[in-house]
Amino acid sequence: MKRLFILFFLSCSLSELAAQTLPPLPEFGKVDRSELEMTDCSFEKGAEAMVLFDEGESYFRLNLDYATFPVFQQTSYHVRIKIFTKKGFENANIRIRYPSGNKEITIKSFSAQTYNLDASGNVVVTKVDKNTVYDKAINSRFSEKIFAFPDVKEGSVIEYKYVLDGYSENYWYFQKEIPVKHSRFIMDFPQELRVAVIPHVNLPLQQKGRDASSGNNSWYAMDNVPALKDEAFMSCPEDYLQRMELKSMSVHIPGMLPINLARTWPGIVKSLMEDEDFGRQLKKNIPRTSDLDAMLIPVGDEYTRMLIIHKYVRNNMVWNNYDNIWALDGVKSAWKDKKGTSGEINLILINLLKDAGIKVKPVLVSTRENGIINTGVPGYDQFNKVMAYVQIGDKNYVLDATEKYTPSHLIPFDVMASEGLVIEKPDSYEWGWKVLWDDDHVKKKTVQVTANIGNDGSITGAATVNSFDYEKIKSLELFRKGIDKLKEALVSGSNVKVDSFSLKNADNDTLPLEQTLDFSIPPVSSGGYNYLSANLFLGFNKNPFLDEERRSDIFFGTKQEYTITATFFLPDGYQMETLPKNLKMITPDMNIVFKRYATFSDGLLFINISMEFKNPFYTPDQYPELREFYKKMFELLDEKFVYKKK
């Protein structure tokens with residue numbers, strides 16, 4: 001067939017602002033003095049930097065001889081950024097990621113330069129030396145173009161442009177980590193292509209669709225977009241950026257049958273099983289080592305064999321800090337080198353588990369950092385990791401051999417409460433979506449305190465802190481950075497001094513991490529009254545939900561349980577002034593329960609506080625109710641116990 005190249009039109013369901021037109025942007029190199037004299041962002045005061053404008057303009061063409069995916073795209077990018085403060089200098093270090101696996105997608109027409117005003121008020125231009133720009137291969141499928149702007153100062157303007165030539169998925173981000181004054185995305189093509197436009201926006205979006213009488217131009221724009229605010233317990237910041245997503249669906253050419261371009265999950269599963277870097281790697285015979293064989297030979301039950309293999313791969317393979325779903329250099333090569341990507345290491349794990357007679361399949365996941373999977377929009381580009389999905393009896397296990405501290409019986413925390421796609425031959429009906437959730441294991445901490453109060457109001461005592469399941473993993477991650485990090489976390493935000501500290505069970509997966517410490521607290525008194533707090537070592541020292549409004553979901557990741565039991569011995573001749581009320585506080589949906597109980601007798605003050613969080617996830621609509629509960633809960637946690645001399 002003769003090659004056919006055509007331009008096509010993008011349609012969407014957003015309301016159109018047909019009367020509006022896009023004003024032209026300044027040409028590259030044409031910087032206005034007002035931009036250099038600007039000292040602050042007009043709509044977000046105190047910003048460290050601001051995107052003055054960010055433009056992408058795409059042209060598409062079809063090559064119907066290219067059977068895999070006959071859509072090719074060329075997109076030009078033009079970005080101009082204003083630097084306000086020294087903290088904003090980091091925005092002058094640029095990384096442009098692009099797919100490079102097929103060698104047909106390239107970056108070209110690259111230019112970048114810095115603008116400053118000299119002492120006389122003249123514009124000084126400093127070009128980025130192209131010898132300082134380099135391409136770094138992330139893996140065999142993706143690369144990065146990396147460069148840094150020279151001569152960056154407070155007040156500088158930096159600007160760069162380039163063209164990405166070749167097909168790539170369409171995502172346009174109007175919002176960034178710094179405020180954006182103007183962002184636009186322009187497309188130009190006729191009607192032969194059908195494209196789904198998926199907006200992820202809640203701020204005003206200007207847009208204009210194709211107008212047959214005036215041309216084939218479609219555009220989308222946003223003005224004065226605030227920086228994405230970092231909110232406590234956000235799952236993935238990128239999920240909350242103002243953005244739009246475009247998916248090519250089908251081609252309709254007169255006289256020809258429609259060409260379906262839309263992906264389906266069965267089609268994706270089939271292509272993955274046939275992929276040289278994925279499915280075919282599941283059939284490799286990994287050379288077994290004598291020490292692994294010696295450990296497996298006397299073991300009959302599957303669970304123990306799984307534990308042995310999981311631990312062996314974790315201990316003997318070094319992760320190179322690249323996450324993907326592929327064995328780009330092959331599992332045998334990675335096994336020989338004892339080093340690889342997360343894809344290579346976990347596909348090795350799957351091979352060894354299969355070889356040991358354990359029922360296991362790969363499961364594609366998106367970690368919390370990578371974002372939530374949209375199961376309604378098929379595409380393996382949403383996944384950033386593959387793990388092992390093991391079935392033993394009626395129990396399922398999710399294993400990641402790159403994660404060193406999570407025991408085999410726990411789902412890795414960064415995929416807990418998400419969905420994973422189990423991969424198997426489509427005709428076997430064993431593939432499909434699995435909810436990665438464990439109702440039996442929680443983030444749990446218990447604290448036991450025994451303390452003596454001196455005549456001067458000082459407190460000395462001992463505490464035992466037990467961290468279970470996901471709380472243990474969190475504590476171990478701190479401990480690996482240094483024991484002082486773990487001690488600091490226990491007393492953060494308080495006036496407690498740790499005098500001695502020890503821990504047990506760091507290497508035992510079945511027991512909680514036991515942290516034992518001796519501590520002291522200086523006296524707190526006023527007007528003959530002394531005060532003490534029972535909020536010790538729980539980690540609830542600062543309310544994370546103080547903002548009146550919330551844009552993102554609240555994601556705890558798992559159920560949570562916290563308990564403190566404390567016994568204080570008052571000195572002779574002292575008594576409690578009043579005891580705070582014993583109470584139980586519950587949210588209307590009964591998903592959070594706070595209890596406090598206290599009693600005093602014969603110089604002994606006994607306090608028990610417990611908190612249970614049954615729901616790992618809350619929407620922004622639920623935030624006002626959650627915020628109000630947290631406000632009351634922290635008031636109760638911070639409420640002081642008052643005692644005085646008789």
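Anything mentioned here points back to the structure above.
**Some details on the pattern of salt bridges**
Here is step 1: Within this structure, the stated rule accounts for 24 salt bridges.
Here is step 2: Where glutamate 577 meets lysine 644, a salt bridge forms, and the shortest distance between an N and an O atom there is 3.3 Å. Note that glutamate 577 is positioned in strand β31 (residues 574–578) and lysine 644 in strand β36 (residues 641–645), a separation of 67 residues in sequence.
Here is step 3: Taking the relative accessible area as the measure of exposure, glutamate 577 reaches 35% and is therefore partly exposed.
Here is step 4: What you see here is one network of salt bridges that share partners, running through Glu35, Arg80 and Glu159.

**A look at helix α4 (residues 302–316)**
Here is step 1: Over its 15 residues, α4 runs 21 Å from end to end, which matches the ideal 21 Å to within 8%, given 1.5 Å per residue.
Here is step 2: Among the residues of α4, those classed as buried are Arg305, Met306, Ile308, Ile309, His310, Tyr312, Val313 and Arg314.
Here is step 3: Structurally, α4 contributes buried residues whose contacts are with α3 (290–296), α5 (331–337), α6 (342–355), β19 (385–392) and β20 (395–399).

**Some points on the sheet that holds strand β3 (residues 93–99)**
Here is step 1: Here three strands make up an open sheet; going across it, the order is β3-β7-β6 and the pairing antiparallel. Only two strands of the sheet have a single partner each, and these edge strands are β3 and β6 (134–137). Strand after strand, the sheet turns through a mean of 25 degrees between neighbouring axes, direction not considered.

**Looking at unusual backbone geometry**
Here is step 1: For aspartate 151, which is not a glycine, the phi torsion comes out positive at approximately 55 degrees.
Here is step 2: For aspartate 151, the position within the fold is in the loop between β7 (142–148) and β8 (157–165).
Here is step 3: At alanine 417, a residue that is not glycine, the phi angle is positive and equals roughly 65 degrees.
Here is step 4: Relative to the assigned elements, alanine 417 resides in the loop between β20 and β21 (418–422).

**Focus: the pairing of strand β33 (residues 592–601)**
Here is step 1: Direction of pairing for strand β32 (residues 583–586) relative to β33: antiparallel, over a ladder of four bridges. Opposite isoleucine 586, over in β33, you have valine 593 as the bridge partner.
Here is step 2: Here β33 folds back onto strand β34 (residues 604–613), and the loop between the two strands holds two residues, one of which, aspartate 602, carries a positive phi near 50 degrees.

**Considering the nonpolar core**
Here is step 1: Residues Val449, Phe519, Phe537, Phe568 and Met633 are the most contacted members of the largest nonpolar core, which totals 51 residues.
Here is step 2: Setting aside its immediate chain neighbours within four residues, methionine 633 contacts Phe540, Met585, Phe594, Met611 and Phe613.
Here is step 3: Of all hydrophobic cores here, the second largest spans 46 residues; its members include Tyr312, Trp335, Leu349 and Val390.

**Digging into the sheet that holds strand β28 (residues 529–532)**
Here is step 1: In spatial order, the strands read β27-β28-β36-β31; together these four strands make up an open sheet with antiparallel pairing. A single partner strand is all that each edge strand has here, and the edge strands are β27 (525–526) and β31.
Here is step 2: As defined by bridge partners, β27 adjoins β28 across two bridges and the pair is classed as antiparallel. Bridging across to β28, serine 525 finds its partner in asparagine 530.

**A word on the packing of aromatic side chains**
Here is step 1: Using the criterion set out here, one finds 33 aromatic pairs in the structure.
Here is step 2: When the centroid spacing of 6.4 Å and the interplanar angle of 80 degrees are considered together, the rings of phenylalanine 278 and tryptophan 326 count as edge-to-face. With phenylalanine 278 in the loop between α2 (265–274) and α3 and tryptophan 326 in the loop between β16 (318–319) and α5, the pair connects residues that are 48 residues apart, well separated along the chain. Across this residue pair, the class does not change: phenylalanine 278 and tryptophan 326 are buried.
Here is step 3: For the pair tyrosine 303 and tyrosine 397, a centre-to-centre distance of 5.5 Å together with 50 degrees between the ring planes defines the contact as tilted. Within this pair, whereas tyrosine 303 is found in helix α4, its partner tyrosine 397 is found in strand β20, the two being separated by 94 residues in sequence.

Here is what the cut-offs are and how they apply
- Along each chain, numbering runs from 1 in the same order as the chain's sequence is written.
- The predicted origin of the model limits local features to residues at a pLDDT of at least 70 and limits the giving and counting of side-chain atom pairs to 80 or more, whereas totals for whole chains, interfaces and linings rest on all residues.
- Hydrogens are left out, water is left out, and the side-chain values use all remaining heavy atoms of the structure.
- Note on definitions: salt bridges are taken to be side-chain nitrogens of Lys or Arg within 4 Å of carboxyl oxygens of Asp or Glu.
- Only runs of H or I of at least four residues qualify as helices and only runs of E of at least two qualify as strands under DSSP, and these elements are numbered from the N terminus.
- Buried, partly exposed and exposed residues are distinguished by accessible area as a fraction of the type maximum, computed with a 1.4 Å probe on protein chains only: under 20%, between the cut-offs, and over 50%, respectively.
- Given a helix with a known number of residues, its expected span is that number minus one, times 1.5 Å.
- Residues are treated as being in contact if the distance between any of their heavy atoms lies within 4.5 Å.
- Any two strands between which DSSP finds at least two bridges are classified as paired.
- Angles run from 0 to 180 degrees between N-to-C directions of axes, and those axes are lines fitted to C-alpha atoms, restricted for helices to the stretch in contact.
- Think of a nonpolar core as a cluster: buried Ala, Val, Leu, Ile, Met, Phe, Trp, Tyr and Cys residues, connected wherever their side-chain atoms sit within 4.5 Å.
- Note on aromatic pairs: the rings of Phe, Tyr and Trp (six-membered ring only in Trp) are paired at centre separations within 6.5 Å, and the planes decide the class, stacked below 30 degrees, edge-to-face beyond 60, tilted for the rest.

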